[in-house]
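Summary of the model geometry
Letter by letter, the chains look like this.
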Amino acid sequence: MRSFVLGLVAATMLIAAPAFAASPQLAATPPMGWNSWNHFAWKVTAADIRAAADAMVASGMRDAGYKYIVIDDTWQGKRGPDGRIHSNKRFPDMKALADYVHARGLKLGIYSSPGPTTCAHYAGSWKHVKQDAKTFAEWGVDYLKYDLCGLRDVMKKRHPHDREARMRMMREAYAKMHEALEATGRPIVYSLCNYGWDAVWEWGPKVGGNLWRTTGDIKPNWDRIYTIVQMQAGLAAYAGPGHWNDPDMLEVGNGDLTLAEDRSHFSWWAMLAAPLIAGNDLSNMQPEVAKILTNREVIAVDQDPLGKQGTRAYSDGEMEVWTRRLADGALAVAVFNVGPDRRARPFHIDLERLGLHGPQQARDLWAHKAVTLSDELPIALASHDVLMLRIAHPH
Ligand code: GLA
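Quick caveat, the model's predicted, so the values are computed rather than measured.

1. Considering the environment of Y238
One can find Y238 in the loop between α10 (222–230) and β9 (244–246). Expressed as a C-alpha distance, the spacing of Y238 and L257, which sit 19 residues apart in the sequence, is 30 Å. Other than its neighbours up to four places away in sequence, Y238 contacts W201, E202, W212, H243 and N245.

2. Examining empty space enclosed by the protein
Summed over all chains, the structure comprises 1 cavity of 30 Å³ or more. By volume, the largest cavity is sized at about 90 Å³. What lines the largest cavity is N35, V70, Y143, K145, S191, L192, C193, L211, R213, D246, M249 and I277. Of all elements in the fold, only β6 (143–147), β7 (189–193) and β8 (211–213) reach the threshold of two or more residues within the lining of the largest cavity.

3. Describing the site of the ligand
Contacts to the ligand come from 13 residues, most closely from D72, D73, K145, D147 and D217. Interatomic distance of 3.2 Å between a side-chain N/O atom of R213 and an oxygen atom of the ligand. Burial of the ligand by the protein chains amounts to 92% of its free accessible area of 300 Å². Taken together, the residues of the shell around the ligand break down into 7 nonpolar, no polar and 6 charged.

4. A word on the pattern of salt bridges
Counting across every chain of the model gives 16 salt bridges. Between D132 and R79 there is a salt bridge, with the nearest N and O atoms lying 2.9 Å from each other. A residue pair is termed long-range when its members are at least 10 positions apart, and D132 in helix α6 (residues 129–139) and R79 in strand β3 (residues 76–79) qualify at 53 residues. Assessed through its relative accessible area of 1%, D132 is described here as buried. One salt bridge connects R263 with D385, and the closest N-O pair in it is separated by 3.0 Å. On the criterion of sequence distance, the pair formed by R263 in helix α11 (residues 259–271) and D385 in the loop between β17 (379–381) and β18 (386–391) is long-range, its members being 122 residues apart. Given a relative accessible area of 23%, R263 falls into the partly exposed group.

5. A closer look at the environment of M155
Mapped onto the secondary structure, M155 falls in helix α7 (residues 151–158). In this structure M155 comes out as buried when scored by relative accessible area, which is 1%. Beyond its immediate chain neighbours, meaning those up to four positions away, M155 contacts L148, R166, M167, M169, M170 and W197.

6. Some words on α7
Buried residues of α7: L151, V154 and M155, and no others. When α7 is viewed along its axis, its buried side chains cluster within an angular range of 100° and face the same direction. Exposed positions of α7 whose direction lies more than 90 degrees from the buried face are D153, K156 and K157. Those residues of α7 that are buried lie in contact with α8 (163–184).

7. Notes on the sheet that holds β18
Read from one edge of the open sheet, 6 strands run β11-β12-β13-β18-β15-β16, paired in antiparallel fashion. Sheet topology places β11 (311–316) and β16 (369–373) at the edges, where each strand pairs with a single neighbour. Going from strand to strand, the sheet's axes swing by 30° on average, the running direction of each strand aside. Two strands pair when backbone bridges link them, and strand β13 (residues 331–337) and β18 are joined in this way by 6 bridges, in the antiparallel orientation. Bridged to V333 within β18 is L389.

8. Things to note about the side chain of N35
Mapping N35 onto the fold places it in strand β1 (residues 32–35). The class of N35 is buried, set by a relative accessible area of 2%. From its side chain, N35 meets the backbone nitrogen of W37 in a polar contact 2.6 Å long. Those residues in contact with N35 that sit more than four places away from it in its chain are V70, D72, K145, M249, I277, A278 and G279.

9. Remarks on the sheet that holds β6
Taking strand neighbours across the sheet as the criterion, the 8 strands line up as β9-β8-β7-β6-β5-β2-β1-β10 in an open arrangement whose pairing is parallel. Edge positions in the sheet fall to β9 and β10 (276–278), since each of these pairs with one other strand and no more. Strand-to-strand, the axes of this sheet are offset by a mean angle of 25°, without reference to chain direction. Where strand β2 (residues 68–70) meets strand β5 (residues 107–112), 3 bridges bridge the pair, whose relative direction is parallel. Its bridge partner being in β5, V70 is matched across the sheet by G109. On top of the sheet, helix α3 (residues 46–58) reaches β1 and β2; it is set at about 155° to β2, its chief contact.

10. Things to note about the state of the cysteines
Scanning the model with the defined rule gives 1 disulfide in all. The side chain of C119 participates in a disulfide bridge whose partner is C149; the two sulfur atoms lie 1.6 Å from each other. Between C119 and C149 the sulfur-sulfur dihedral comes to about 100°; the bridge is accordingly right-handed. Remark: C149 occurs in the loop between β6 and α7 and C119 occurs in the loop between β5 and α6; sequence separation between them is 30 residues. Accessibility expressed as a relative area gives 35% for C119, which makes it partly exposed. Judged by its relative accessible area of 7%, C149 is buried. Here C193 stays unpaired: no disulfide links it, and the sulfur of C119, its closest cysteine neighbor, is 6.6 Å away.

Each value, and the rule that gives it
- Residues numbered from 1 in each chain as written.
- Predicted model: local features only at pLDDT ≥ 70, side-chain atom pairs only at ≥ 80, totals over all residues.
- Heavy atoms only, no water.
- Helix = DSSP H or I, 4+ residues; strand = E, 2+ residues; numbered from the N terminus.
- Contact = heavy atoms within 4.5 Å.
- 1 Å grid on protein atoms, 1.4 Å probe; cavity = no way out; pocket = protein on both sides within 12 Å on 5 of 7 lines; lining within 4 Å.
- Points joined across faces, edges and corners; volume = space filled by probe spheres on them.
- Near = heavy atom within 4 Å.
- Polar contact = N/O pair within 3.5 Å; in protein donor to acceptor, adjacent residues only side chain to side chain.
- Areas by Shrake-Rupley, 256 points an atom, 1.4 Å probe, with all protein chains shown as cover.
- Nonpolar A, V, L, I, M, F, W, Y, C, P; charged D, E, K, R; others polar.
- Salt bridge = Lys/Arg side-chain N within 4 Å of Asp/Glu carboxyl O.
- Buried < 20%, exposed > 50% of the residue type's maximum accessible area, 1.4 Å probe, protein only.
- Arc of directions from axis to C-beta.
- Pairing = 2+ DSSP bridges.
- Axes fitted to C-alpha atoms, helices over the stretch in contact; angles between N-to-C directions.
- Disulfide = S-S within 2.5 Å.

Structure below.
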């Protein structure tokens, strides 16, 4: 009887889950975690990963929802005679590292490429896709970032004059790793990194992607972050539970970003329903930076179960007004001063342009207090700062 019921359950699951689809259960809300690249780049070691896991717990980030500790490029060593990939001497024992991360209630992510080499010229999964997926699963990996990189040269070489053939080759490479991950039987979040090529948001879910990069690399400066934000226009329809647009990992706490810029960057990612993958040195972060990364009211907007990506409602000079519909009928509103003017400048929101009528009771998600939003409310924002509100009952 028991095996009959189990068989029935398995059969229903098979019917319910098409072979090439992103699993909605795996990333029902945008993945949250940390990735080594933005701060440590090619110098990362296993000790840095352990320290990041410890700091994720100590800083309160884990309890605020961050889950994945992702090792980016440059962990790879040589392949053995059997073709099995080994980590290099900076990562002496991957299984032990995964155990360490898991023991802290966190999950481990890793990085590879469908090409022969990665962006940093380490070994990619070319001709070893199934084997690598199996190895990752054996190590206890829960998340894979799969970066196009080295495959671009192969694509060009094979199809120098046929763009469509090159793109097909890319899509097939992403689908192939998805199948290999599925075959391991281990739930592994699948992060596609192809810089938005070939409108990846249109086919990302079909090749099993739970998230896909929409642009080239982020950098820890305002101009690059703002450029990336503008490049998200038109992509909202493609995001939803299980499959998300990824405007790249966070730079909060990196470079020379001011705290106002950190707040804006974090608020935008929340409005965009973007994965929140921190990229700073968690073991050495300023308390103000930790406070931004653990702002639960902003995180709740990002993680809203409806999974509807927000958009820019309108802009007025250097002020931008963004909105995002939330699951319980609430509305998130964010106002950004994107101008270079260091002086605080009063601004008045035009509620009609947001489809709202009259004063609205709201919660200020950065000041953590109640506020009445009306056309008369003077909004004074310093350059690159943000006001983020949640209106529980918009009318
Ligand atoms: C590419 C990716 C980055 C990072 C590096 C590693 O540039 O877009 O996010 O993974 O490769 O080499």
